[in-house]
Amino acid sequence: FQGLQHPHMFIGVSIEDKQMVNHDVASSALSDIELEEIMLAVESYMEEAQPFLNSGLTVKSLGRKLTIIPRNVSQAINVKANKNFSEYVNTFRIKLACDLLSSPDTQDLSVMDVMLQSGFITKSNFNRAFKAQTGTTPFDFKRKAQEKVKN
């Protein structure tokens, strides 16, 4: 009834979105094998195409790229990686940031440059995610890496 009175609510909703919702309701429980297959596809795509460099990456856009229902992508990440989507994506971003901060070839990059090149857009999110994953701040990580190179 609301949809009939307010058709503007559905502007931008495509047939594909409707089909995904209908299919998603029909197949909400995935087997362990299906979750493993989805996770392998996600990991492979993340490593090869590096979509995490796009700060606007969403579970929906990742699902569309892999032609996997976004809810299933999210479920696979939650179950197999034991992380939510943002945490999972940030593991790839932080790994790249660590590589950039510790490489002698990129020591001229500022921490802010590394943050942006790793797919983060806010300093607070970058610092929080970096410290949660590495136990230190990006600045301290870079300083320690530079000390190792000098010695």
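Scroll up a little and you will see the structure.
These lines cover the structure that appears in this document, whether it is placed above or below. (Residues numbered from 1 in each chain as written. Predicted model: local features only at pLDDT ≥ 70, side-chain atom pairs only at ≥ 80, totals over all residues. Heavy atoms only, no water.)

## Some thoughts on the packing of helix 3 (residues 32–49) against helix 5 (residues 70–81)
Spelled out, the test is: Here an axis means a line fitted to C-alpha atoms, over the contact stretch when the element is a helix, while the angle between two N-to-C directions is reported on a 0 to 180 degree scale. Every helix listed is a DSSP run of H or I at least four residues long, and every strand listed is a run of E at least two residues long, numbered separately from the N terminus. Geometric relationships in this document are graded by angle, where less than 35 degrees denotes roughly parallel, more than 145 denotes roughly antiparallel, 65 to 115 denotes roughly perpendicular, and other angles denote oblique. We call two residues in contact when some of their heavy atoms are within 4.5 Å.
Packing of helix 3 against helix 5 brings their axes to within 9 Å, and their N-to-C directions diverge by 100 degrees. Judged by the angle between their axes, helix 3 and helix 5 are roughly perpendicular. Of the residues in helix 5, those in contact with Asp 32, Leu 35, Glu 36, Ile 38, Met 39 and Val 42 of helix 3 are Asn 72, Val 73, Gln 75, Ala 76, Ile 77, Val 79, Lys 80 and Ala 81.

## Description of helix 9 (residues 138–150)
Worth spelling out the cut-off: To estimate the expected span of a helix, subtract one from its residue number and multiply by 1.5 Å. Under the scheme applied here, a residue whose accessible area is under 20% of the maximum for its type counts as buried, over 50% as exposed, and between as partly exposed, the area being computed with a 1.4 Å probe on protein chains only. Directions are taken from the helix axis to each C-beta atom, and the arc is the one they span.
Taking 1.5 Å of rise per residue, 13 residues should cover 18 Å, and helix 9 covers 19 Å from first to last C-alpha, within 8% of that figure. What helix 9 keeps buried is the set Pro 138, Lys 142 and Ala 145. All buried residues of helix 9 fall inside an arc of 65 degrees around its axis, so they share one side. In helix 9, those exposed residues whose orientation departs by more than 90 degrees from the buried face are Phe 139 and Lys 150. For helix 9, the elements touching its buried residues are helix 6 (85–102), helix 7 (111–117) and helix 8 (123–134).

## Here we look at the layout of surface pockets
Operational definition: Every definition here rests on a 1 Å grid over the protein atoms only: cavities are sets of points where a 1.4 Å probe fits but cannot get out, pockets are open sets enclosed by protein on both sides within 12 Å along at least five of seven lines, and lining residues have some atom within 4 Å of a point. Grid points are joined across faces, edges and corners, and a volume is the space filled by probe spheres set on the points. Here the nonpolar group is Ala, Val, Leu, Ile, Met, Phe, Trp, Tyr, Cys and Pro; Asp, Glu, Lys and Arg are the charged ones; every other residue, Gly included, is treated as polar.
One number sums up the size of the largest pocket: a volume of about 370 Å³. If you trace the largest pocket, you find 20 residues lining it, with Ser 86, Asn 90, Arg 93, Phe 120 and Ala 129 closest to the centre. The residue makeup of the lining of the largest pocket, split by class, is eight nonpolar, eight polar and four charged.

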